[in-house]
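Chain by chain, the residues:
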Amino acid sequence: RWEARGGAVLALAEAAVRDPDALAGRARRGLGHPAPAVRRVSAWALGRTAAGRHREALWAAAGRERCDEVRLELLRAAVRCGAPEAAARELGAASLDRRFFTPRGPRSPWRALGADRLDDFEVRWEFAMGRGGEDEAAAFLARCARRDPRDFDALARWEGGAGRRGAHLRVRGLGMHGDPRARRILERTLFAVDVDPGHGFAGRRHAGIALGRLGLPGVGRVLERALRVEAREHEGRPGAGMGVQYPVRAALLHALGEAGAADRADRVAALLGDVEGTALGGLYLQAMDALWKLGEEAPVRRVLAAGSPLAAAHALGVLVAWHGRVAAEAHAADPRPPVRACARAALEAGAGPAGSVGRG
């Protein structure tokens, strides 16, 4: 089932290379597809036309998009079709500063992810617009950011950089490129056993995020397995201190949201009460962010009804992100103190309209 989806995404990208104008109607319909990969490639195809008639559709899709990687491509495509670049940069940067309401006020999942410079929106944007640096590594990332399927074989064979650092950069670049053929390479890195612990934590984090950036819901099964393996076989073992710098399970949860793995929403919801899973503040924020992206309400409502008081409060934070003030008002007098505190924090901050995310 995954292969069919991946093959369809690749076929769409290859058709866009040959004749993007002929593909425009299909690509516009693809902006509303449930798979993030299809939305991203559809935006890329429309951007290649550079036709002003697609600008409004791309801009509207960027405004409602929840997946970070797809939004980046929508904004780039909109600029190529005539949208002002300054406005696109502002929207992209603001989207990464989204906050979710918790009993302790609004919190940012991006800050709890442990993202570094290459994950920064401004850096990604420069590469996307063809303005990266001039050294070998920057040239490689700039080529990845083009997302041209004809580049895949050369990118997959790239061996620049020094040792493991170069290998990590290749993994990150393949995630930026987004070609579904990279899945096998990224999986091998995610489950590699022939690396020392320190490099292993970094490699698994990069591979997990890169798999999510492919935008294929079918990789959810792989990412869920990696969550179990990480907790069982790596955390608490020699070298596990590197997990502070490279919080792997947080990255895997982020990837589940980016991949659109809606069938894994129950597994993600089970972590809404996790406040100790990483040194950066637990896994609950990444779980909230992933659930918001996945849009599956049933698991979230089950946690709100029957989870621990803290997990229920975080579930309410997700519902507020989807439904705005109405969700908070329904629980302003909840008998559970954390839930009540979350609802009141949202109301006091003026929780936005349906689908908005609180900002601190």
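### Description of the overall build of the chain
Then step 1. For the chain, the helix and strand inventory stands at 21 helices and two strands.
Then step 2. Counting all 360 residues of the chain, 57% fall into the buried class.
Then step 3. Taking contacts inside the chain between residues at least 6 apart in sequence as the whole, the part at least 24 apart equals 72%.
Then step 4. On the chain, roughly 14600 Å² of surface is accessible, and the fraction owed to carbon and sulfur atoms is 50%.

### Let's talk about the pattern of salt bridges
Then step 1. Under the defined criterion, the tally for this structure stands at 37 salt bridges.
Then step 2. Across the pair Asp266 and Arg302 runs a salt bridge, and its minimum N-O distance is 2.7 Å. One end of the pair, Asp266, is in helix α16 (residues 265–269); the other, Arg302, is in helix α18 (residues 297–306), with 36 residues separating them in the sequence.
Then step 3. Salt-bridge contacts for Lys293 lead to Asp289; the nearest nitrogen and oxygen are separated by 3.5 Å. Note that Lys293 and Asp289 are positioned in helix α17 (residues 284–294) at a spacing of four residues, about one turn of the helix.
Then step 4. What emerges from the salt-bridge pattern is a single network uniting Glu69, Glu73, Arg76, Asp119, Arg124, Arg147, Arg172, Arg205 and Arg213.

### Observations concerning the packing of aromatic side chains
Then step 1. Enumeration over the complete set of coordinates arrives at three aromatic pairs.
Then step 2. Arranged with centres 6.0 Å apart and planes meeting at 75°, the rings of Phe100 and Trp292 form a pair that is edge-to-face. Here Phe100, found in strand β1 (residues 100–102), pairs with Trp292, found in helix α17; they are 192 residues apart in sequence, far enough to count as distant. Here Phe100 matches Trp292 in class, with each residue buried.
Then step 3. The side chain of Arg204 reaches across the aromatic face of Phe201, ending 4.7 Å from its centre.
Then step 4. If you follow Arg225 out to its NZ or CZ, it ends over the ring of Phe191, 4.0 Å from the centre.

### Concerning the nonpolar core
Then step 1. Ranked by internal contacts, the top residues of the largest apolar core, which has 115 residues, are Leu58, Phe127 and Leu272.
Then step 2. Aside from chain neighbours lying at most four places away, what touches Phe127 is Leu118, Gly132, Gly133, Ala138, Leu141, Ala142, Ala145 and Met176.

### Overview of α17
Then step 1. Most of α17 sits out of view: eleven of its eleven residues are buried.
Then step 2. Turning to α17, its buried residues are Tyr284, Leu285, Gln286, Ala287, Met288, Asp289, Ala290, Leu291, Trp292, Lys293 and Leu294.
Then step 3. Gly295, located one to two residues past α17, shows a positive phi value of around 75°.

### Things to note about the confidence of the model for the chain
Then step 1. Of all residues in the chain, 89% have pLDDT values of 70 or greater, and the mean over the chain is 89.
Then step 2. The secondary structure element of the chain with the lowest average pLDDT is helix α14 (residues 242–245), at 46, and the one with the highest is α18, at 98.
Then step 3. Under a pLDDT of 50 for its full length, residues 236–244 has, in the predicted model, twelve contacts with residues more than four places off or in other chains.
Then step 4. The low-confidence segment residues 353–360, where pLDDT is below 50, has 28 contacts with residues more than four positions distant or belonging to other chains.

### A look at the side chain of Ser108
Then step 1. Turning to its location among the elements, Ser108 is positioned in the loop between β2 (105–107) and α7 (121–128).
Then step 2. Taking the relative accessible area as the measure of exposure, Ser108 reaches 9% and is therefore buried.
Then step 3. A polar contact is formed between the side chain of Ser108 and the backbone nitrogen of Trp110, at a distance of 3.3 Å.
Then step 4. Among all residues touching Ser108, those that are not within four sequence positions of it are Arg98, Arg99 and Leu285.

### Looking at the environment of Ala13
Then step 1. Counting through the fold element by element, Ala13 comes out in helix α1 (residues 2–18).
Then step 2. C-alpha separation for the pair Ala13 and Ser42, spaced 29 residues apart in sequence, amounts to 8.0 Å.
Then step 3. Ignoring anything within four residues of it in the chain, the contact list for Ala13 reads Val41, Trp44 and Pro149.

### What to know about the environment of Leu10
Then step 1. Relative to the helices and strands, Leu10 is located in helix α1.
Then step 2. Distance in space between the C-alpha atoms of Leu10 and Arg181 is 8.3 Å, their sequence separation being 171 residues.

### Some points on the packing of α17 against helix α19 (residues 309–323)
Then step 1. The N-to-C vectors of α17 and α19 enclose an angle of 35°; their axes lie 10 Å apart at closest approach. Pair α17 / α19 crosses with right-handed handedness. Side by side, α17 and α19 meet where Tyr284, Met288, Leu291 and Trp292 of the first sit next to His314, Gly317, Val318, Ala321 and Trp322 of the second.
Then step 2. Taken together, the residues of the contact of α17 with α19 break down into seven nonpolar, two polar and no charged.

What counts as what
- Residues numbered from 1 in each chain as written.
- Predicted model: local features only at pLDDT ≥ 70, side-chain atom pairs only at ≥ 80, totals over all residues.
- Heavy atoms only, no water.
- Helix = DSSP H or I, 4+ residues; strand = E, 2+ residues; numbered from the N terminus.
- Buried < 20%, exposed > 50% of the residue type's maximum accessible area, 1.4 Å probe, protein only.
- Contact = heavy atoms within 4.5 Å.
- Areas by Shrake-Rupley, 256 points an atom, 1.4 Å probe, with all protein chains shown as cover.
- Salt bridge = Lys/Arg side-chain N within 4 Å of Asp/Glu carboxyl O.
- Phe/Tyr/Trp six-rings, centres within 6.5 Å; stacked < 30°, edge-to-face > 60°.
- Lys NZ or Arg CZ within 6 Å of the ring centre and 35° of its normal.
- Core = buried A, V, L, I, M, F, W, Y, C linked by side-chain atoms within 4.5 Å.
- pLDDT = per-residue confidence, 0-100.
- Polar contact = N/O pair within 3.5 Å; in protein donor to acceptor, adjacent residues only side chain to side chain.
- Axes fitted to C-alpha atoms, helices over the stretch in contact; angles between N-to-C directions.
- Left-handed = near helix turned anticlockwise from the far one by under 90°.
- Nonpolar A, V, L, I, M, F, W, Y, C, P; charged D, E, K, R; others polar.

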